[in-house]
Amino acid sequence: MNIQEIRDQFPILKQQVNGHPLVYLDSSATSQKPYAVIEALQDYYTNYNSNVHRGAHTLGSLATDAFENAREKVKSFIHARESAEIVFTRGTTASLNLVAQCYVREFLQEGDEILITLMEHHSNLIPWQQAANKTGATLRYIPIQPDGTIRIEDVEEAITSKTKFVSITHVSNVMGTIHPVKQIAAIAHRHGAVICVDAAQSAPHLQLDVQDLDCDFMAFSGHKMAGPTGIGVLYGKKVLLEKMTPYEYGGEMIDHVDLYESTWKELPWKFEGGTPNIAGAIGLGAAIDFLQQIGLTNIRHHENQLVNYALEQLSLIEEISIYGPRKPELRSGLVTFNVSDVHPHDLATVLDSEGIAIRAGHHCCQPLMRWLNVSSTARASFYLYNTEEDIDALVKGLKRAISYFKYVSQ
């Protein structure tokens, strides 16, 4: 990987913020977009903007071909068996809610158990809370270890004959932990349970193979993997998607409409009611092309180096507490931390004044924050365009911020 050549493909990185070169360390919230994606969006809107699956004219055919070609790219990206298993949604949240509405609420009942972990993003927690309330099922949690990992022994104990549905983040957006979802899926299936994987934080960074993982559902977003906002993916095994009833009704997803009853189109279109995010899907396809040209293995190796370097440098500052596994191979490209006696929002504000963008808050993981015994944390997250120089700038900024707050408190 030639990092400078990669950085040159991201126009937003060429600017200054508050009089300083931009150091963007918030890719876990949303990644930046390369020219290839921006140009794909512009090309669609400039040259063949039209609705899909409907028009018999040239622009409609071009748009439909590009839209469905993007679906094929997603299928190949995650190694699904067929494109019918790829449903376009607004993002990870919409994908998980679709599963909650159309599968869990439909097929679970009182006495059944739903299993998740304490470190789930709210998008992978609240839908199951609500589904449990509606069905009478019980929501249970796999315990986590002090370093933010989970033990297979605890998974074995937690999954029983009552467990009907398991949903787990592949990579924690706070701890950075990479969970052994393949092993968890095997345990779940041994007990007859269905497993859903929240891949919002893994799709941008790791090679995914849904057949090898043997997950039943997988959800992820385009905007975290160099694609546009407003587009996401739900992968589902065909046998499950076929027996699920859609919960959004209208145009595009119907086969036949009578005065008092209707029938649905085949997969995947029965779950894509209304005009889809055509440009978003095309942009996501361009992002997949971009990432695959660089190579997910190369991206993972680069981020491993960055995480290792960041852990080393931040560990040298005594005022900093770091959360999550210390071994880079167990975590993805982010480091979450706190500075003693400094609120993360204040820290982020000071860093922003120097052009350094990090995340501060509860990261949509309030139960995990309570488990950590904090109200919020700071998070620096890395992607293929980041460098060790970005981490050096972060470390210098943190040292200056610590000195400033010490002076103010005196």
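Here the structure is a predicted model, which means the values were calculated and not measured.

(A) Structural context of the overall build of the chain. Broken down by element type, the chain carries 14 helices and 17 strands. Against the compact-globule benchmark of 22 Å for 410 residues, the chain has a radius of gyration of 22 Å, which places it among compact chains. The principal-axis extent of the C-alpha atoms belonging to the chain is close to 75 × 55 × 35 Å. Counting across all 410 residues of the chain, residues that qualify as buried make up 57%. Pairs at least 24 apart in sequence give 71% of the contacts found in the chain among residues at least 6 apart.

(B) Fine view of the sheet that holds strand 9 (residues 217-221). The mixed open sheet is built from 7 strands, whose spatial order is 4-10-9-8-7-5-6. Single-partner strands in this sheet number two, and they are strand 4 (86-89) and strand 6 (138-142). Within this sheet the neighbouring strands show an average axis-to-axis angle of 20°, counted without direction. Bridge count between strand 9 and strand 10 (residues 232-236): 5 bridges; the pairing is antiparallel. In the sheet register, alanine 219 faces strand 10, and the bridge partner there is leucine 234. Against the sheet, helix 3 (residues 58-78) engages strand 4, strand 9 and strand 10, with an angle of about 115° to strand 4. Where helix 4 (residues 92-107) meets the sheet, its contacts fall on strand 4, strand 5 (113-117), strand 7 (163-169), strand 8 (194-198), strand 9 and strand 10, and the angle it forms with strand 9 comes to roughly 155°.

(C) Region of interest: the UniProt feature "domain: Aminotransferase class V" (unreviewed entry) in the chain. Taking the numbering used here, the UniProt-annotated feature "domain: Aminotransferase class V" (unreviewed entry) corresponds to residues 23-394. The span residues 23-394 is 40% helical and 17% strand by assignment, and the distance between its end C-alpha atoms comes to 8 Å.

(D) Seen up close, the nonpolar core. In terms of nonpolar packing, the biggest core is built from 77 residues, with Ile78, Phe88, Met218, Phe220, Met225 and Leu384 touching the most fellow members. By residue number, the principal contributor to this core is helix 10 (residues 278-294), which donates 11 residues. Excluding residues within four positions of it along the chain, leucine 384 makes contact with Met1, Ile3, Ile6, Phe10, Phe290, Leu291, Ile294, Ile299, His302 and Glu303. With 31 residues, the next largest nonpolar core counts Ile317, Val350, Ile391 and Ile402 among its residues.

(E) Focus on unusual backbone geometry. The step from leucine 267 to proline 268 runs through a cis peptide bond, and the omega angle for that step is 0°. Of note, proline 268 is situated in the loop between strand 12 (262-264) and helix 10. Unlike most non-glycine residues, aspartate 214 shows phi in positive territory, near 60°. With respect to the secondary-structure elements, aspartate 214 resides in the loop between helix 8 (210-213) and strand 9. With a relative accessible area of 31%, aspartate 214 lands in the partly exposed category. Despite not being glycine, alanine 226 has its phi angle at roughly 75°, a positive value. Mapped onto the secondary structure, alanine 226 falls in the loop between strand 9 and strand 10. Residue classification places alanine 226 among the buried positions, given a relative accessible area of 0%.

(F) Up close: helix 7 (residues 181-190). Those residues of helix 7 that fall on the buried side of the exposure criterion are Val181, Ile184, Ala185, Ile187 and Ala188. Buried positions in helix 7, seen along its axis, are confined to an arc of 165° and lie on one side of it. Directly beyond the C-terminal end of helix 7, a positive phi value near 80° is found at glycine 192.

(G) View of the packing of aromatic side chains. Scanning the entire structure with this criterion turns up 12 aromatic pairs. Between tyrosine 103 and phenylalanine 107, the ring centres sit 5.1 Å apart and the planes meet at 45°, which makes this aromatic pair tilted. Placement of both tyrosine 103 and phenylalanine 107 in helix 4 is noted, with a separation of 4 residues, approximately one turn of the helix. For tyrosine 103, a relative accessible area of 7% gives the class buried. Relative to tyrosine 385, the ring of tyrosine 383 has its centre 5.6 Å away and its plane inclined at 85°; by these criteria the two rings are edge-to-face. Grouping residues by exposure puts tyrosine 383 and tyrosine 385 together as buried. A network of ring pairs unites the aromatic residues Tyr103, Phe107, Trp128, Phe165 and Phe217 as a single cluster. The lysine or arginine in question, lysine 243, covers the ring of phenylalanine 107, its NZ or CZ lying 5.0 Å from the ring centre.

(H) Main features of the pairing of strand 17 (residues 377-381). Counting buried residues in strand 17 gives 5 out of 5 residues, a clear majority hidden from the surface. Alternating residues of strand 17 divide into Thr377, Arg379 and Ser381 and Ala378 and Ala380, and every residue in both groups is buried. Where strand 14 (residues 334-339) and strand 17 come together, 4 bridges link them in antiparallel fashion. Considered in strand 17, the bridge of leucine 334 is made with serine 381. Looking at chain direction, strand 16 (residues 359-361) and strand 17 are connected through 3 bridges and run antiparallel. Looking at the pairing, alanine 360 lines up with alanine 378 of strand 17.

(I) Quick look at the packing of helix 4 against helix 5 (residues 126-135). Between helix 4 and helix 5, whose axes approach to 9 Å, the crossing angle comes to 20°. In terms of their interaxial angle, helix 4 and helix 5 are classed as roughly parallel. As helix 4 runs across helix 5, the sense of the crossing is right-handed. Contact with helix 4, carried on its side by Leu96, Asn97, Val99, Ala100, Val104 and Arg105, involves Pro127, Trp128, Gln130, Ala131, Lys134 and Thr135 of helix 5 and no other residues of that element. Its residues placed into classes, the contact of helix 4 with helix 5 shows 7 nonpolar, 3 polar and 2 charged.

Reading the values: the criteria
Residues numbered from 1 in each chain as written. Predicted model: local features only at pLDDT ≥ 70, side-chain atom pairs only at ≥ 80, totals over all residues. Heavy atoms only, no water. Helix = DSSP H or I, 4+ residues; strand = E, 2+ residues; numbered from the N terminus. Rg over C-alpha atoms; globule rule 2.2 N^0.38 Å. Buried < 20%, exposed > 50% of the residue type's maximum accessible area, 1.4 Å probe, protein only. Contact = heavy atoms within 4.5 Å. Pairing = 2+ DSSP bridges. Axes fitted to C-alpha atoms, helices over the stretch in contact; angles between N-to-C directions. UniProt positions renumbered as here; feature names shortened; annotations may be inferred. Core = buried A, V, L, I, M, F, W, Y, C linked by side-chain atoms within 4.5 Å. Arc of directions from axis to C-beta. Phe/Tyr/Trp six-rings, centres within 6.5 Å; stacked < 30°, edge-to-face > 60°. Lys NZ or Arg CZ within 6 Å of the ring centre and 35° of its normal. Parallel < 35°, antiparallel > 145°, perpendicular 65-115°, else oblique. Left-handed = near helix turned anticlockwise from the far one by under 90°. Nonpolar A, V, L, I, M, F, W, Y, C, P; charged D, E, K, R; others polar.

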